[in-house]
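The chain contents come next:
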Amino acid sequence: MTWDDLDAHLDRVPGTVSAYVGRLDAPPTWTRHADAAHYAASTMKVAVLAALHRAAEAGTLDLDAPVPVVNDFDSAQSGVPRFTCAQPYDNDDAVWDRIGGTATLRWLADRMIVRSSNLATNLVLSHVGLPAVAEVWALAGARTSVTGRGIEDFAAREAGITNTVTAADLAALLGALATGADTPGPLASPAACTTMLDVLLAQEHREDLAAGLPEGTRIAHKNGWVRGVRHGAGVVLPDDAPPYLIAVCTTTDLAGGDDQVEDDACLLLAHISAQVWAARHQL
């Protein structure tokens, strides 16, 4: 396979397929529409995770202090009623089981990533705030990605307030976390970056990028999906080659939006991931 071959294959996919592949702290080896904007789906949760750990390091939030678990949030659109999440659209009953009780921000952040819980995301976001997430994107070097609202904030969505990402920006964010685990970086201390990578390594939704890798290969990643959208971004950590970044964003008819079914978009991301893995020594 050559990168031209992969591009030719993706040219036949209806819709937009974006990608960024390369080593850490190096120019990318292969990109495809890497600056095209896509609806973020759950990939924005990585930026929320980083904003939380930055606030903890600044001393403004305590990761291990219990906070109320509620399903009631301020909309990003001013002057409209507060909004709620719908449990059927979530992926983690464990968070819903705690409504009316408490949980630590650390636990909620873990569920936000490993199970992609929307309720946990909105709870964390309500404590860190949208400006802190915007600061994370800026510090990571993202150029166009925006986190404008919480999950299921439909009034804000109708007002044109949305969440967008690009493959290049997702790679920049994951790259900042990965390099920051070794040397002090713009996002957080090495210890905090290592903690965040450990959470991403524990990802339980492994039906796209991870499915294209050999069993047991470590990948610190986050995916996201709604109907018509399937994204995956992460740092792959081979035993026999240097780590590399891979971010793939798809806005196509292939994505059914049901994480219980391996749809064609999952298969496409797995195929791309497998091709990049095969070329890992030449990146």
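Preceding this paragraph is the structure being described.
A quick note: this is a predicted structure, and the numbers were derived from the prediction, not measured. (Residues numbered from 1 in each chain as written. Predicted model: local features only at pLDDT ≥ 70, side-chain atom pairs only at ≥ 80, totals over all residues. Heavy atoms only, no water.)

### A word on the pattern of salt bridges
- The final tally for this structure, using the stated rule, is 13 salt bridges.
- The partner of aspartate 92 in a salt bridge is arginine 111, with the nearest N and O atoms 2.6 Å apart. One end of the pair, aspartate 92, is in the loop between β4 (66-68) and α3 (93-96); the other, arginine 111, is in helix α4 (residues 105-114), and 19 residues separate them in sequence. Side by side, aspartate 92 and arginine 111 carry an identical accessibility label, which is buried.
- When the shortest N-O distance is used, the salt bridge between glutamate 158 and arginine 157 registers 3.6 Å. (Salt bridge = Lys/Arg side-chain N within 4 Å of Asp/Glu carboxyl O. Helix = DSSP H or I, 4+ residues; strand = E, 2+ residues; numbered from the N terminus. Buried < 20%, exposed > 50% of the residue type's maximum accessible area, 1.4 Å probe, protein only.)

### Examining the sheet that holds strand β8 (residues 218-226)
- With antiparallel pairing, the five strands of this open sheet are ordered in space as β2-β1-β10-β9-β8. Taken across any chain shown, the strands that pair with only one partner, and hence form the sheet edges, are β2 (30-32) and β8. The mean inter-strand angle of the sheet, taken between neighbouring strand axes irrespective of direction, is 10°.
- As judged from the three bridges shared by strand β1 (residues 16-23) and β2, these two strands associate in the antiparallel manner. Counterpart to tyrosine 20 in the pairing with β2 is threonine 31. (Pairing = 2+ DSSP bridges. Axes fitted to C-alpha atoms, helices over the stretch in contact; angles between N-to-C directions.)

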